[in-house]
Amino acid sequence: MRASKFSVAILIATLCPALMYGGTISGKVTYTGTPVKQKPIDMSKEPSCAKQHNPPITTETVVTGPNNTLENVVVYISAGADDANAPAQAVTFTQKGCQYTPHVIAMHTGQELKVLNDDQTSHNIHPLAKVNREWNKSQPPGAPPIQDKFDQPEFISVKCNIHPWMHGWFAVLKTNHYAITADNGSFSLPNLPPGKYTVTAWHEDYGTQKQEITVTGNETKSVDFSFKAKAY
Amino acid sequence: MNNLKQAHFFSGIMSFVLAAGLTAVVAQDAPDVGPHPPTPAKAMESHVAHIVGHSKSATTDYRRYCAGCHGDLGDGNGENAIWLDPKPRDFTAAIFKCRSTMTGTLPTDEDLFNTIGRGLTNSNMPVWNTFTDHQRADLVAYIKTFSTRWEKEKAGEPINIPAETPVTIDSIAHGKYLFTKLECWKCHGPQGKGDGPSAATLTDSKDQPIRPYDFAAGGDDSRFKCGSTNQDIYRIFMTGLDGTPMPSFADTIQPADAWDLVHFLRTLQVNRHSRENEVLKAAGWNIPAYVEKPSAAPAGQSGNGAAGGN
């Protein structure tokens, strides 16, 4: 009975975006302590990429913004709002200047992923999946996008073995309610129906944090996360 | 009152379990905490040509010949594993290098059967030609008990390997061009000696350092990890070696181009007699520079923003 009401609600929400729920969970992700200094990347072995970065870019394991804000944190509803349906549109992950842009992308299980190569060099895309199936494909310049999808929720580390400095993440989630923090550390999870939610924040180096939040109506609940910077 | 009841209930359960003995615990699918391997979750079969292998028939052979390295649990942590490099395969991940199937898919039973018979060059995995075909098929079935992937997924479709094109100096020249363009040399090195600029950074999917194949080493007996024929080379780079940095090129190389690459790779085996080296010798040991044919350009270049020049 409750389940059917819920699925009708989902149906309405899917069909008529104007009728979407007004509950929002938003906030900021910050860190305490001193994050490890990111190292400049030497791309001299790939001149076509090196010349695109002046000054050289650094590693992106920990990216911070002003006022101790933390970028590239995936904030998502890990319980309370499991969506069965993946959006029809694909998410894209671009290799440009021998760098993954964006560094972290999130997608729904079963959602189409497109990997593009905008470079003048060949790359290999190697998602080191443990739960999903690991694969490893070459993509020369001008090749069509590599398309794939992942069936199971997992944070998958992605590598290019030809250019070992290239590193990124696929966050495969069971929900469409997710956000990835920009340099101001802020996130917003809109369109939430009333309910009790677990909000999880994941950072590639600092791990995960969870908070329980109840949304009662057309309100914006504020939730902040603070990660402790690793000392090394 | 309620708590007291519960306590009685649990102590009753506990004494029952203790009385029933350890075997009962294992049978109840308890978490495997002890040093003894749990009996394989589900009996598996393998099908190689007309042979049907049964996992149960391989129990003795596996424990005697395989477990020392691959471990009783199939996780690659046998007692010899710490001394080995590369590390023994972890069957619980069900990720295999030598496959006839696309990257990300399970290998066929025949692929595993062939790997056991062939052994893996540059590793401690010997050529198991002492087994009968039936023993090997049984072991393939046994390996499949270590991961539930074999119950949930089907093996991939073997890739199609078309008839080989003639070995010519032009074919070798185009292969050399592809070797550069596809960045093979970044790991394998310009002369295929496994000393490319990225070689030192390579790790496998378990973060263990791994060496790219050195084509120049060895003589007439030189083998690749997954075979020694031209068809094997073709299959290796088209399917990729899963669990290693070697990607699949199936989506990016046309079959005729792939044979050109095979022919060039043969010439990197400088101490091995081959048709390719005969052709190269006849050409004065000189590989001419490949000139990109203008006819091939329009289709491939249409998506390239640099082509317009404005």
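Keep in mind that this is a model prediction, so the values were computed, not measured.

Okay, the overall build of chain A next. Within chain A, the secondary structure is distributed over two helices and 19 strands. Compactness check: chain A gives a C-alpha radius of gyration of 19 Å against a globular reference of 17 Å for 232 residues, within 12% of the reference. Projected onto its principal axes, the C-alpha coordinates of chain A cover approximately 60 × 40 × 30 Å. Buried positions account for 37% of the 232 residues belonging to chain A. Long-range contacts, defined as pairs at least 24 residues apart, comprise 64% of the intrachain contacts of chain A with a sequence gap of at least 6.

Residues and elements named next belong to chain B. We note that the domain assignment places domain 1 (45–152) and domain 2 (169–294) within chain B. Distance between the C-alpha centres of domain 1 and domain 2: 27 Å. Taken together, the contacts link 14 residues of domain 1 with 17 residues of domain 2. Tallied by class, residues from the side of domain 1 that touches domain 2 come to six nonpolar, four polar and four charged.

Here the focus is unusual backbone geometry. The linkage connecting A:Thr101 with the following residue, A:Pro102, adopts the cis geometry, with an omega of -5 degrees. Relative to the helices and strands, A:Pro102 is located in the loop between strand E6 (100–101) and strand E7 (104–108). Cis peptide bonds are those with omega within 30 degrees of zero, and the linkage from B:Asp85 to B:Pro86 qualifies with 0 degrees. Note that B:Pro86 resides in the loop between helix H3 (59–70) and helix H4 (109–118).

The subject of this paragraph is the nonpolar core. Membership of the largest hydrophobic core comes to 49 residues, with the highest contact counts inside it found for A:Val29, A:Val73, A:Val74, A:Val75, A:Phe170, A:Leu189 and A:Tyr197. Those elements giving two or more residues to this core turn out to be strand E1 (23–32), strand E4 (74–79), E7, strand E8 (113–117), strand E13 (167–173), strand E15 (186–192), strand E16 (195–203) and strand E19 (225–228) of chain A. Non-local contacts of A:Val75, meaning those with residues more than four positions away in its chain, are made with A:Val29, A:Tyr178, A:Ala179, A:Thr181, A:Phe187, A:Leu189, A:Val199 and A:Ala201. Within the second largest apolar cluster, 48 residues are counted, among which are B:Ala58, B:Ala137, B:Met238 and B:Ala258.

Moving on, we come to the environment of B:Pro212. Locating B:Pro212 in the fold gives a position in the loop between helix H8 (185–188) and helix H9 (230–239). Excluding anything up to four places from it in sequence, B:Pro212 contacts B:Cys187, B:His188, B:Gly194, B:Gly196, B:Ala199 and B:Leu202.

Before going further, it helps to spend a moment on the sheet that holds strand E12 (residues 154–159) of chain A. All names here are of chain A. Ordered by their spatial adjacency, five strands build an open sheet running E7-E13-E12-E9-E10, and the pairing between neighbours is mixed. Of all strands in the sheet, those bounded by a partner on one side alone are E7 and strand E10 (137–139). Ignoring which end each strand starts from, the neighbouring axes of this sheet average 25 degrees apart. In this sheet, E10 lies alongside strand E9 (residues 123–127) in antiparallel orientation, the contact comprising three bridges. Looking across to E10, one finds that His123 is bridged to Gln139.

Glancing now at the pairing of strand E2 (residues 51–54) of chain B. Looking down a regular strand, the side chains alternate between one sheet face and the other. All names here are of chain B. As paired strands, strand E1 (residues 45–48) and E2 are joined by four bridges and run antiparallel to one another. Following the sheet pairing, Glu45 is matched in E2 by His54. Linking E1 to E2, which pair antiparallel, is a turn of two residues; within it Ala49 sits at a positive phi near 50 degrees.

What follows concerns the interface of chain B and chain A. In this complex, chain B contributes 26 residues to the contact, which on the side of chain A involves 20 residues. Of all the secondary structure elements, the ones that give two or more residues to the side of chain B that touches chain A are H8 and helix H12 (297–301) of chain B. Broken down by class, the residue content of the side of chain B that touches chain A amounts to eight nonpolar, 13 polar and five charged.

It is worth spelling out the pairing of E12(A) at this point. Residue and element names in this part refer to chain A. Of the strand pairs in this sheet, E9 and E12 are connected by two bridges, and their pairing is antiparallel. In the strand pairing of E12, His126 is matched with Lys159. Relative to E13, E12 runs antiparallel, the two being bridged by six bridges. Paired with Glu154 across the strands is Val172, a residue of E13.

Cut-offs applied
- Residues numbered from 1 in each chain as written.
- Chains lettered and ligands numbered in written order.
- Predicted model: local features only at pLDDT ≥ 70, side-chain atom pairs only at ≥ 80, totals over all residues.
- Helix = DSSP H or I, 4+ residues; strand = E, 2+ residues; numbered from the N terminus.
- Rg over C-alpha atoms; globule rule 2.2 N^0.38 Å.
- Buried ≥ 20, exposed ≤ 12 C-beta atoms within 10 Å, placed from the backbone.
- Contact = placed C-beta atoms within 7 Å.
- Domains from an automatic or database assignment.
- Nonpolar A, V, L, I, M, F, W, Y, C, P; charged D, E, K, R; others polar.
- Core = buried A, V, L, I, M, F, W, Y, C linked by C-beta atoms within 7 Å.
- Pairing = 2+ DSSP bridges.
- Axes fitted to C-alpha atoms, helices over the stretch in contact; angles between N-to-C directions.

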